[in-house]
Protein chains: 2
Amino acid sequence: MAGQEIIKKPLFTVDSVLFTVHEDTLKVLMVKRAQQPFQGAWGLPGGFIDIDLDQNTDMTARRKLADKTGFTPNYLEQLQVISGPDRDPRGFSVTLAYFALVAHQSVASHIDSVEMACWIPVSKLKELTTAFDHRQIIELSRQRLKQKTLYSLLPVFCLPQKFTIGQLMAVIETIIEKPLQRKSLMRRIEASEMFEISNEKISSGGRLAQLYSLKLDANIVNFERNLSI
Amino acid sequence: MAGQEIIKKPLFTVDSVLFTVHEDTLKVLMVKRAQQPFQGAWGLPGGFIDIDLDQNTDMTARRKLADKTGFTPNYLEQLQVISGPDRDPRGFSVTLAYFALVAHQSVASHIDSVEMACWIPVSKLKELTTAFDHRQIIELSRQRLKQKTLYSLLPVFCLPQKFTIGQLMAVIETIIEKPLQRKSLMRRIEASEMFEISNEKISSGGRLAQLYSLKLDANIVNFERNLSI
DNA sequence: TGACATAGTGTCTTAAAGACATTATGTTTG
DNA sequence: CAAACATAATGTCTTTAAGACACTATGTCA
């Protein structure tokens, strides 16, 4: 067993599940594939690591997202690696999936190999022809987002820099698919010490709403308890 | 940009952080490296994926652990991917780190390229010459284990098939580095419905202790709250 | 100006963990 | 053999943070 072994290398790719919430709907960024395999099908933005451009896989994810949308996510973390001999017709494939959040913005529809980027409501995914096992990866990602939302305020990254409690509440309710007590959210906002009270308020049909923003140095706090499921 | 690009491929490896608890000490399995790079240093068991032998990266992790120890972990999950141009002198490298648990057992010291496997107390790691960034990976892993122990009963995988509450309590206390109320643990054991009460008890210096075992079909339950830190 | 809408607070209830005394049941020892 | 001791297991009160929901605050609009 000692000595040099000849080992065929698997394909290694980095893909991202970029979520946003818009009009009370959870949406995911998909690109129409310009090339084989799965030409014409919708897939996750991603690609191969470029060891001259990327310092690490996080950079690969960011670079590919920027290429296809023109913007950078507010939040990015690793989801997991999916691998197997049959998930890519070109051969044994290993994909590192990332999970990312951004405030809603229109996609710059940057032309990269004529790939078209688009926000797709996750509820509409089953009607689409999707590439590889990307449907399952999105589902995994959705569950992770939901779980993290129960014990953190991660959904702030789906909002603009200044936001109201009402907006945050709506985004959280969309993600966890449950109503949430405003009181519970306010308690967490205060306890986390992650936010600053802006000196502005905005109109929203009734009493003016206080604007909040993330502190510059804020780290995402994990609470000791989950919201009840 | 369209068309075939020539992309240099990074090295892709799978490494595992296998923990056990023995004599109230958290230990990690390390192997003495028989080859370059870092020949003679201690490193995590792992290696390259073999696309003829492995259906996926989980199998790679299991295979490499079995090669070096002769046994299979009770629990295995992905930790995270670490990547960069400088972490391996051979070039840009991508490692998928796994995190695993097993009941303590003597290592079969299986001879694979004259590599020697050994349980190292995590507190003694800083005195050792370790390969690559494996020290940091172990530290990451330790934090993940600690965190998960606060909201699950994962440490049962560090115990033999039949175990007592006292044993489980000791293992948990070793991992979280805090005392734990026996009452709290018993409540969780009951609420989780993961365990069966054996018809045996064993002596432990005082009143006989009830033996428990994991139900055959048991899934690890995640509790809604953390133990207090 | 009064109805309405949304923002924000007060406070009681509830669920699960922490603290700790008490009971149970074995082994060891005088 | 009984008393001391050790560890197991339970009872129960306290504490903490979320849920429920009524109530107050303050804006817009008819």
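All values reported here derive from a predicted model rather than from experimental measurement.

Even after reading the chapter, I still don't get the sheet that holds strand β9 (residues 195–202) of chain A, so can you show me in this structure?
Pairing between the strands of a sheet is mediated by backbone hydrogen bonds and can be parallel or antiparallel. All names here are of chain A. Strand order in the open sheet formed by three strands is β8-β10-β9, and the pairing between neighbours is antiparallel. In the strand order of this sheet, the two ends are held by β8 (162–163) and β9, each with one partner. Sheet analysis places β9 next to strand β10 (residues 209–214), joined by five bridges and oriented antiparallel. Residue pairing in the sheet places Ile202 in a bridge with Ala209 of β10.

Where do I start with the side chain of Asp54 of chain B in this structure?
Residues and elements named next belong to chain B. Note that Asp54 resides in the loop between β4 (46–48) and α1 (57–69). Judged by its relative accessible area of 2%, Asp54 falls in the buried class. Within polar-contact distance, the side chain of Asp54 engages the side chain of Thr60 at 2.8 Å. Looking at Asp54, its side chain comes within polar contact range of the side chain of Arg63, at 2.8 Å.

Is there a simple way to think about the packing of aromatic side chains in this case?
Given two aromatic rings, one states the distance between the centres and the angle between the planes to describe the pair. All names here are of chain B. Applying the stated criterion across every chain yields a total of eleven aromatic pairs over all chains. Measuring from centroid to centroid gives 4.8 Å for Phe38 and Phe132, while their planes differ by 55 degrees, and the two rings are tilted. One end of the pair, Phe38, is in the loop between β2 (25–32) and β3 (42–43); the other, Phe132, is in the loop between β7 (116–121) and α2 (134–151), with 94 residues separating them in the sequence. Among the residues examined, Phe38 registers a relative accessible area of 32% and is labelled partly exposed. Owing to a relative accessible area of 17%, Phe132 belongs among the buried residues under this scheme. Between Phe163 and Phe195, the ring centres sit 5.7 Å apart and the planes meet at 85 degrees, which makes this aromatic pair edge-to-face.

Got a minute to help me understand the sheet that holds strand β9 (residues 195–202) of chain B in this structure?
All names here are of chain B. In spatial order, the strands read β8-β10-β9; together these three strands make up an open sheet with antiparallel pairing. At either margin of the open sheet sits one strand with a lone partner, and together these are β8 (162–163) and β9. Of the strand pairs in this sheet, β8 and strand β10 (residues 209–214) are connected by two bridges, and their pairing is antiparallel. The residue bridging Lys162 from the neighbouring strand is Ser213, located in β10.

Would you mind showing me how to read the protein's contact with DNA strand C here?
Taken together, the neighbourhood of DNA strand C is formed by 22 residues, with Arg182 and Lys183 of chain A together with Ser184, Arg187 and Arg225 of chain B sitting nearest. The share of sugar and phosphate among atoms of DNA strand C within 4 Å of the protein is 54%. A distance of 2.7 Å separates a phosphate oxygen of DNA strand C from a polar side-chain atom of Arg182 of chain A. The side chain of Arg187 of chain B places a nitrogen or oxygen atom 2.7 Å from a base nitrogen of DNA strand C. At the level of elements, α4 (182–192) and β10 of chain A together with α4 (182–192) of chain B are the ones that each hand at least two residues to the surface near DNA strand C.

Whenever I open this one, the domain arrangement of chain A confuses me. Can you help?
Interfaces are often sized by the accessible area lost when the parts come together. Residues and elements named next belong to chain A. Taken domain by domain, chain A comprises domain 1 (11–148) and domain 2 (152–214). Placing the centre of domain 1 and that of domain 2 at their C-alpha centroids yields a distance of 27 Å. Listed by partner, the interface residues are 16 residues for domain 1 and twelve residues for domain 2. Summed over both sides, the interface between domain 1 and domain 2 buries roughly 1200 Å², with carbon and sulfur atoms accounting for 67% of that surface.

Is there a simple way to explain the packing of helix α2 (residues 134–151) of chain A against helix α3 (residues 165–176) of chain A in this structure?
If you want to describe how two helices pack, look at the angle between their axes and the distance between the axes. Residues and elements named next belong to chain A. The interhelical angle for the contact between α2 and α3, taken along N-to-C directions, is 130 degrees, at an axis separation of 9 Å. Classified by the angle between their axes, α2 and α3 sit oblique to one another. Our pair here, α2 against α3, has a crossing hand that is left-handed. Between α2 and α3, the residues in contact are Leu145, Lys146, Thr149 and Leu150 and Ile172, Ile175 and Ile176, respectively. Here the residues of the contact of α2 with α3 are counted per class, giving five nonpolar, one polar and one charged.

Which parts of the structure should I look at to understand the protein's contact with DNA strand D?
As a matter of local geometry, DNA strand D sits amid 22 residues, with Ser184, Arg187, Arg225 and Ser228 of chain A together with Lys183 of chain B nearest to it. A breakdown of the atoms of DNA strand D within 4 Å of the protein gives sugar and phosphate a share of 54%. At 3.2 Å, a side-chain N or O of Gln181 of chain A approaches a phosphate oxygen of DNA strand D. Where the surface near DNA strand D is concerned, the elements lending two or more residues are α4 of chain A together with α4 and β10 of chain B. Its residues assigned to classes, the surface near DNA strand D shows six nonpolar, seven polar and nine charged.

Criteria and cut-off values
- The written sequence of each chain sets the order in which its residues are numbered from 1.
- Each chain takes a letter, starting from A, and each ligand takes a number, starting from 1, following the order in which they are written.
- With the structure being a predicted model, the display of local features is reserved for residues of pLDDT at least 70 and the display and counting of side-chain atom pairs for 80 or more, all residues being used for whole-chain, interface and lining totals.
- Heavy atoms from the whole structure form the basis of all side-chain values; hydrogens and water molecules are not counted.
- In this description, strands pair whenever DSSP reports at least two bridges between them.
- By the criteria applied, helices consist of DSSP H or I runs no shorter than four residues and strands consist of E runs no shorter than two, each listed in order from the N terminus.
- Exposed residues in this analysis have more than 50% of their type's maximum accessible area, buried residues have under 20%, and partly exposed residues fall in between, with area computed by a 1.4 Å probe over protein chains only.
- Residues adjacent in sequence count toward polar contacts only when both atoms are side-chain atoms; beyond that, a polar contact is any pair of N or O atoms within 3.5 Å, and within protein one must be able to donate a hydrogen and the other to accept it.
- Any pair of Phe, Tyr and Trp rings, taking the six-membered ring for Trp, is counted once the centres come within 6.5 Å. Such a pair is stacked with planes under 30 degrees apart, edge-to-face with planes over 60 apart, and tilted for the rest.
- Summary of the distance rule: residues count as near a molecule or strand when at least one heavy atom falls within 4 Å of that molecule or strand.
- For every domain, the bounds stem from an assignment made automatically or drawn from a database.
- When checking whether two residues touch, look at their non-hydrogen atoms; a contact exists if any pair is within 4.5 Å.
- By definition, the buried area sums, over both parts, the 1.4 Å-probe accessible area that each loses when the two are put together.
- Throughout, an axis means a line fitted to C-alpha atoms (over the contacting stretch in the case of helices), and angles, computed between N-to-C directions, take values from 0 to 180 degrees.
- Roughly parallel means an angle under 35 degrees; roughly antiparallel, over 145; roughly perpendicular, 65 to 115; everything else is oblique.
- Working rule for handedness: look at the near helix, and if it is turned counterclockwise from the far one by less than a right angle, call the crossing left-handed; if clockwise, right-handed.
- Gly falls in the polar group here, along with every residue not listed as nonpolar (Ala, Val, Leu, Ile, Met, Phe, Trp, Tyr, Cys, Pro) or charged (Asp, Glu, Lys, Arg).

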